[in-house]
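# A look at the structure
Here is how the chains run, residue by residue.
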Amino acid sequence: MIIKNDTVGILTYTIKIGGPEGEVLEQATCELPSTMLFGHNRFLPGFEKALMGLTKGDKFDFQLNALESFGDYHKEAVINVPREVFLENGEERSDLLVEGKEIHMEDGEGSPLRGVVLEVTEEKVIVDFNHPLAGHELHFLGEVLDVREAVAGDYEEPNSCCGGNHEEGSCGCSEESDSSCGCSENQEGDCKCN
């Protein structure tokens, strides 16, 4: 069976930032492979496209440029936010005003935004709303362990981020992220991508 829409691939992979010699972003091993439902926009389009048509035993080794992964880095996405925005019931949310802290906000239309605090001054907070991997190429190396038809439960469960935000913890999911990331840690502390 080949990987196509509405199939599930059982994969091992290593994702590195930049190229084959880059920093490991995410990994699924033979002991903890990743189970992925294809054809439902759960992954980077370039990642899914590169795996379509592969079958059990096929190996893959490819690179996605920044535009194919998380886009270019945009300087205009680094915003000066007035400190008063961080008031809640008249009290400043000092827990959010920490350099390197990932914060969740909304734009003028109520759409969610995720940013990282770069700097805190007396008047403003400088927040970078670029994706943490914006401007980076991603290198994928792995193997298809098996392919099967999808069953009802496969449509309900989230899959691996495959190059999502991996800033905190060995699994790469921030403390504030929800289960949609699909990552969990096993007893040894290794990242398991569901």
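Our subject in this report is the structure included herewith. (Residues numbered from 1 in each chain as written. Predicted model: local features only at pLDDT ≥ 70, side-chain atom pairs only at ≥ 80, totals over all residues. Heavy atoms only, no water.)

### As for the overall build of the chain
Put simply, the test is: Numbered from the N terminus, helices here are DSSP runs of H or I no shorter than four residues, and strands are runs of E no shorter than two. Relative accessibility decides the category of a residue: with a 1.4 Å probe and only protein chains considered, values under 20% of the type maximum give buried, values over 50% give exposed, and everything between is partly exposed. Residues are treated as being in contact if the distance between any of their heavy atoms lies within 4.5 Å. Only the protein chains shown count as cover for residues, and all accessible areas are computed by the Shrake-Rupley method using a 1.4 Å probe.
Scanning the chain from N- to C-terminus turns up two helices and 13 strands. Per-residue burial for the chain yields a buried fraction of 40% across its 194 residues. In the chain, of all internal contacts separated by at least 6 residues, the share reaching a separation of at least 24 is 64%. Entry remark: accessible area of the chain is about 10,800 Å², with carbon and sulfur atoms responsible for 47%.

### Structural notes on the packing of aromatic side chains
Put simply, the rule is: Within 6.5 Å between ring centres, the rings of Phe, Tyr and Trp (the latter by its six-membered ring) count as paired, and their orientation is classed by plane angle as stacked under 30 degrees, edge-to-face over 60, tilted in between.
Enumeration over the complete set of coordinates arrives at six aromatic pairs. A centroid spacing of 5.1 Å and a plane angle of 45 degrees characterise the contact between phenylalanine 47 and phenylalanine 140, whose relative ring orientation is tilted. Of the two residues, phenylalanine 47 is situated in helix α1 (residues 45-51) and phenylalanine 140 in strand β11 (residues 138-149); the sequence distance between them amounts to 93 residues. Residue class for phenylalanine 47 comes out buried when judged on its relative accessible area of 0%. Judged by relative accessible area, which is 0%, phenylalanine 140 ranks as buried.

### With respect to the sheet that holds strand β5 (residues 78-82)
Definition in use: Two strands are said to pair when DSSP picks up at least two bridges between them. To obtain each axis, a line is fitted to C-alpha atoms, and for helices this fit is confined to the stretch in contact; angles are then taken between N-to-C directions over 0 to 180 degrees.
Taken together, the four strands give an open sheet; going across it, the order is β5-β10-β9-β8, and neighbouring strands pair in antiparallel fashion. Two strands close off the open sheet at either side, each with one partner strand: β5 and β8 (102-106). Across the sheet, the mean angle from the axis of one strand to that of its neighbour is 45 degrees, orientation sign disregarded. In terms of strand pairing, strand β9 (residues 112-120) meets strand β10 (residues 124-128) through four bridges, oriented antiparallel. Each residue of the ladder has a partner; that of valine 117, found in β10, is valine 127.

### What to know about the pairing of β8
Two strands pair when backbone bridges link them, and β8 and β9 are joined in this way by five bridges, in the antiparallel orientation. Bridge assignment links isoleucine 103 to a residue of β9, and that residue is glycine 115. Linking β8 to β9, which pair antiparallel, is a turn of five residues; within it glycine 110 sits at a positive phi near 90 degrees.

### Some points on the side chain of threonine 7
Position of threonine 7 relative to the elements: it lies in strand β1 (residues 7-17). According to the relative accessible area criterion, threonine 7 is buried, its value standing at 0%. Non-local contacts of threonine 7, meaning those with residues more than four positions away in its chain, are made with Met1, Ile2, Met36, Leu37, Phe38, Val147, Arg148, Glu149 and Ala150.

### Digging into the nonpolar core
Worth spelling out the cut-off: As used in this record, nonpolar core signifies buried Ala, Val, Leu, Ile, Met, Phe, Trp, Tyr and Cys residues forming a set joined through side-chain atoms within 4.5 Å.
Within the largest apolar cluster, 22 residues are counted, with the highest numbers of intra-cluster contacts made by Ile3, Leu11, Phe47, Leu51, Phe60 and Phe140. When contributions to this core are tallied by element, the ones reaching two or more residues are β1, β2 (24-28), α1, β4 (59-64) and β11. Residues in contact with isoleucine 3, not counting those within four places in the same chain, are Leu11, Phe38, Leu51, Met52, Gly53, Leu54, Val144 and Val147. By size, the runner-up hydrophobic cluster in this structure holds nine residues, among which are Val81, Leu96, Val125 and Val127.

Limitation: the analysis is restricted to geometry and does not speak to function.
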